[in-house]
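These are the residues of each chain, in order.
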Amino acid sequence: MLATAISQLVEYAVQKEWIKEEDRVWAANRIIEALGANGFDGLEEVNAELPPIQEILNELCDYAYENGIIEGNSAAYYDLLDTKLIGLLVPRPYEVITKFNQLYAEDPKKATDWYYEFSSDTNYIRRDRIAKDRKWTVDTEYGTLDITINLSKPEKDPKAIAAAGKAKSTGYPKCLLCIENEGYAGHLSHPARQNHRIIPITLSGKDYFLQYSPYVYYNEHCIVLNKQHTPMRIDRSAFNNLLDFVTVFPHYFIGSNADLPIVGGSVLSHDHYQGGNYEFAMARADVEKSFVIKGFESVQAGIVKWPMSVIRLRGSDRNQLSACAEHILNVWREYDDEEAFIYHETDGERHNTITPIARRRGADYELDLVLRNNITTEENPLGVYHPHSDKHHIKKENIGLIEVMGLAVLPARLKNEIAALADAIIMHKDLDADPLTESHAEWARDIISRYPDLNKDNVNAILEKEVGLVFAAVLEDAGVYKHDAAGRNAFDRFIESL
């Protein structure tokens, strides 16, 4: 089996054009060395269709575990080894960058198509795990929202957690987004990245790098990261960078998480953006009210029909668009409206910022500016403009860029909880008695009261729909201006202040 798996991995590398025919023996010997293998009988001829790459790698990891090369057989240990094995065969960064640039000269989309497939073929994007995610859509008054229960990221086993806790922290790389991750061997507290290749690009004259997310939440989910380990910041340069990116890659959108806790993303310490080849519900949403901003008459401006508070700018002059966005940001940073419970600062802590998203519309540029505020109160200690406690049974985590645009990234626990809830509803079980259904009990009773024809054939579809409606309500919680008369009037007051 060892010879078969090694032969298949070498064949895979040849088929992907990472190595040449003449490299087969050399490649096999590198794999044998990494596995500490004895008794290898030589390469076999591979005539049949290759199994999926993860199956080949699992065979090799099983051998390593059974022969004491690695300590555990969980995903934490297998990931470190299988990434190392692929990394032995993947082309060097210079070769990847050269190929990308050659394709880009022909067509930007051809370059990203190739790079995305390459990042998947190297198993950096783990397609087998992404396939486990549960995904569906739900129609709401704001359009069709995307719902995902994230099952891609494996749970660490207790042995790996204990080993990681004993390991000495090196502080290298500084974070998961630093360029030093490229080729890094990793350890139980930091993912291996020997199969990782990044593409240098220039935004506003500064060095950035393009890569894909290893756990893509949507098509061609990319990350654009600063060469320097510097904190996130929303300002004129950020708007310029976003508009520069969609000039270079007009078939992609790009956005930035906000630069404050609660309303920002999970990594505020490293300047980065997220984009991709996908149209979110927010991009499809219409402008429900247009207005003109003095001094920026050439820029089309309007309020978007969306659960959160979004100003859309559109125009052909990217410099005017960026200047207009900066003007809105500067006004919002200092804006207070006591009646609407908007305070730009309390006790020296600033609260107002923006989540920006850029895209192309033919020759025009479009920039969505989502108004954010991270103030907390005793009633809402996690944030006033954050999922409220009555929705925490579905979504308690921060609302970052991806959720803002209309894609719910829900916790893995919901897979089992929703399944248990469906069973409890049909079997008329006590919803408060089971830990899996207890937090959902009040919500479930409300659903039962509204669906008298609820049965085993439709219960799952109904629960999926209701989860989506809760997510829409979560986005309304995160909106600083609500969709009622008072909220619309308050939004108008801000618009007038511009």
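Residues numbered from 1 in each chain as written. Predicted model: local features only at pLDDT ≥ 70, side-chain atom pairs only at ≥ 80, totals over all residues. Heavy atoms only, no water.

A. Geometry of the sheet that holds strand S6 (residues 253-255). Strand order across the open sheet formed by 10 strands is S3-S4-S5-S7-S6-S13-S14-S10-S9-S8, with antiparallel pairing between neighbours. The open sheet has two free edges, formed respectively by strand S3 (199-203) and strand S8 (287-291), since each of these has just one partner strand. Taken pair by pair, the neighbouring strands of this sheet meet at an average axis angle of 25°, ignoring direction. Across three bridges, S6 lies against strand S7 (residues 272-276) in antiparallel orientation. The residue of S7 that forms the bridge with isoleucine 254 is glycine 275. Seen against the sheet, helix H6 (residues 108-121) touches S3 and strand S4 (206-212) and runs at an angle of roughly 60° to S4. (Pairing = 2+ DSSP bridges. Helix = DSSP H or I, 4+ residues; strand = E, 2+ residues; numbered from the N terminus. Axes fitted to C-alpha atoms, helices over the stretch in contact; angles between N-to-C directions. Contact = heavy atoms within 4.5 Å.)

B. Up close: the packing of aromatic side chains. Evaluation of the coordinates by the stated rule reveals 25 aromatic pairs. Aromatic pair tryptophan 332 and phenylalanine 494: ring centres 5.1 Å apart, planes at 80°, arrangement edge-to-face. Highlighted residues: tryptophan 332 in helix H11 (residues 318-333) and phenylalanine 494 in helix H17 (residues 485-497), separated in sequence by 162 residues. On the basis of relative accessible area, tryptophan 332 is assigned to the buried category, the value being 0%. For phenylalanine 494, a relative accessible area of 0% gives the class buried. A ring pair is formed by phenylalanine 341 and tyrosine 343, whose centres lie 5.3 Å apart and whose planes are at 85°; its orientation type is edge-to-face. For phenylalanine 341, a relative accessible area of 32% corresponds to the partly exposed category. Each residue in the set Phe100, Tyr104, Tyr115, Tyr116, Tyr212, Phe245, Phe249 and Tyr252 is aromatic and connected to the rest through ring pairs, giving one cluster. One residue, arginine 360, lies across the ring of tyrosine 365, its end atom 4.1 Å from the ring centre. (Phe/Tyr/Trp six-rings, centres within 6.5 Å; stacked < 30°, edge-to-face > 60°. Buried < 20%, exposed > 50% of the residue type's maximum accessible area, 1.4 Å probe, protein only. Lys NZ or Arg CZ within 6 Å of the ring centre and 35° of its normal.)

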